Amino acid sequence: MHASFHFYDYQSLAVTSMTLQLTLSFSLSHVSGVSLNMAHKLVQVTLCLWVFTSLLLPSPTAGLYRVSLKKQRLNLNRFKAARIAMSGGGMLHNYGSSDGEVIPLKNYMDAQYYGVIAIGSPPQNFTVLFDTGSSNLWVPSSKCYFSIACYFHSKYKSSRSSTYTKIGKPCEINYGSGSISGFFSQDNVEVGGVVVRDQVFVEATREGSFPTFVLAKFDGILGLGFQEISVGNATPVWYNMLNQDVVREDVFSFWLNRDPSANEGGELVFGGVDPKHYKGKHTYVPVTRKGYWQFDMGDFLIGNNSTGVCEGGCAAIVDSGTSLLAGPTAVVTEINHAIGAEGVVSAECKEVVSQYGDLIWELLVSGVQPDKVCTQIGLCVLNGTRYMSGIKTVVEKENMEGLSAGDQLLCTTCQMTVFWIQSQLKQKGTKDTVLNYVNELCQSLPSPMGESVIDCARISLMPDITFIIGDKPFKLTPDQYIVKMGEGITTVCVSGFMALDVSSPRGPLWILGDVFMGVYHTVFDYGNLEIGFAEAA
């Protein structure tokens, strides 16, 4: 999740969270041409999505176990809360039947898919977010005294469990917009009718970022990522399920139901796949880097036109804990412009286009390499020397000394402008046409939280968005990538694309969250280290 997102040690994946006061001030004062009522709606959506993005498993015989996802009807009053988030070549993998035990899971606003597990003997129940973007299991502790969030959720009481083993080692797990701290403990964990013995988990004694955890519909998080990103090198629940031989196959799969009227929110299957929830064959791609479920993605299309950003390939991760789709600011801005989404009118962006657009055009036409342009015109300066390090909003601290926030913004804006002009040059547009287009893109820059709002009446006019994965197209229609919140005249439509810049060499990076997984049934094949996608049914 969300955005943000998870227990990332990698600061390059952090999403900066704005304060409530800033969000209110920005939404009401800086959205030009928007009525006061619409501004209030934007505030509500921004608050709701902030929470979603800050945050997005022994039986005598090995088997297959299902976690059933069930819908929870949207309550519009919750808008007033903060937001909590939010190469197989098509080879058919046959993992057997879908028979298994079912636990009710709930889907909150198409942004959190969570369900019940149990810890201890006798079992103590907790709702957890099943998250492929992190690897630890944590729940609130009965020893959590000073965090208000703990009083709103179930707490683990070690004194009531006969299978509890004390560890006590302290730890802290950081999100992009919040953190939890506590200590490690060990106990039995029940998931889907399977008891995982002696599982190490975190008892959270402090939950930061007040609205993030207070308003979460889940108590804790069960990470399904690789051990490489596990805080404290704790063995993940999924690893212990395999080590204790309680699942039939070393795969798990997700089906997320995006039908807001359905009672069943989806299904998580441990040990196989459920054939009734996908069509055709899965396209499999290899995991390129263990930690997150990361793979190489090909080109990225808006309508039928390539953006050019991933012609040579882009890193991507599949993340059930992230509500939306996250990608580089420059490309997301183009997408949101193409679909008519409204973001921040950036004076800095327009100023760069106005003052330097002609010069950038001439330098590119004359053959200057795109990564040298902003260096030559002096908009990227660091400690007295020119630099160009790629479009990014997250930069290592040691590389930022001596560079003011204004300088950083001008440099980043220049880099985006170069990217946009270079992209249009490939389509042989005239200078005036290209600069006018780039100026329009400035108006479509995402809000400080990364999201953009859209007029619901425009959905039928929007282009399809296509990801090339395993040399095959995976298309999202407007109805699939626009997130609708509310009903009737209170409906607010949000672009499913949010901006997140990850610095080189890890980036640029795409994060395919629930918006994508809701359209494509996803198989996480741990044994063969690959990920499979098929049309959801």
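Counting of residues starts from 1 at the beginning of each chain's written sequence and follows it residue by residue. Residues qualify for local features only when their pLDDT is at least 70, as the model is predicted, and side-chain atom pairs are given and counted only at 80 or more; totals for whole chains, interfaces and linings, by contrast, use all residues. As a convention, hydrogens and water are excluded, and side-chain values are obtained from all of the structure's heavy atoms.

Trainee: Would you mind going over the pairing of strand 4 (residues 124-131) with me for this structure?
Mentor: Within a regular strand, the side chains alternate between the two sheet faces. Counting buried positions over the 8 residues of strand 4 gives 7, a clear majority of the element. Here, strands pair whenever DSSP counts at least two bridges between them. Under the scheme used here, helices are H or I runs from DSSP no shorter than 4 residues and strands are E runs no shorter than 2 residues, and both carry numbers assigned from the N terminus. Direction of pairing for strand 4 relative to strand 9 (residues 220-223): parallel, over a ladder of 4 bridges. Within strand 9, the residue paired with L129 across the bridge is I221. When a residue's accessible area, from a 1.4 Å probe over protein chains only, is under 20% of the maximum for its type it is buried; when over 50% it is exposed; and in between it is partly exposed.

Trainee: I would appreciate a short explanation of the nonpolar core in the present structure.
Mentor: The nonpolar side chains of a soluble globular protein tend to be buried with one another. F270, F467 and W510 are the most contacted members of the largest nonpolar core, which totals 111 residues. If you look at the next biggest cluster of nonpolar residues, it comprises 17 residues, including L129, A149, F184 and I221. Buried Ala, Val, Leu, Ile, Met, Phe, Trp, Tyr and Cys residues form a nonpolar core when they are joined through side-chain atoms within 4.5 Å.

Trainee: In this structure, what is going on with the state of the cysteines? I would like to understand it.
Mentor: Disulfide: a covalent bond formed between the sulfur atoms of two cysteine residues. Working definition: a disulfide is two cysteine sulfur atoms within 2.5 Å of each other. Using the criterion set out here, one finds 6 disulfides in the structure. Each sulfur in the disulfide pair C310 and C314 lies 2.1 Å from the other. In this structure the cystine formed by C310 and C314 twists about its S-S bond by roughly -95°; its chirality is therefore left-handed. Taken individually, C310 and C314 each receive the classification buried, so the pair is uniform in this respect. Here C349 engages in a disulfide with C442; their sulfurs sit 2.0 Å apart. Torsion about the S-S bond of the C349 and C442 cystine: about -65°, corresponding to left-handed handedness. Highlighted residues: C349 in helix 6 (residues 347-365) and C442 in helix 9 (residues 431-443), separated in sequence by 93 residues. The class for C349 is buried, based on a relative accessible area of 0%. With relative accessibility at 0%, the residue C442 sits in the buried group. Numbered in order of appearance, the disulfide-bonded cysteines of the chain are paired 1-2, 3-4, 5-10, 6-9, 7-8, 11-12.

Trainee: Teacher, can you tell me more about unusual backbone geometry here?
Mentor: With the exception of glycine, the majority of residues adopt a negative phi angle, and the majority of peptide bonds are in the trans configuration. With an omega dihedral of 0°, the bond running from S121 to P122 counts as a cis peptide bond. The topology assignment puts P122 in the loop between strand 3 (112-119) and strand 4. At D198, a residue that is not glycine, the phi angle is positive and equals roughly 55°. Checked against the element boundaries, D198 lands in strand 8 (residues 194-207). A relative accessible area of 44% means that D198 is categorised as partly exposed.

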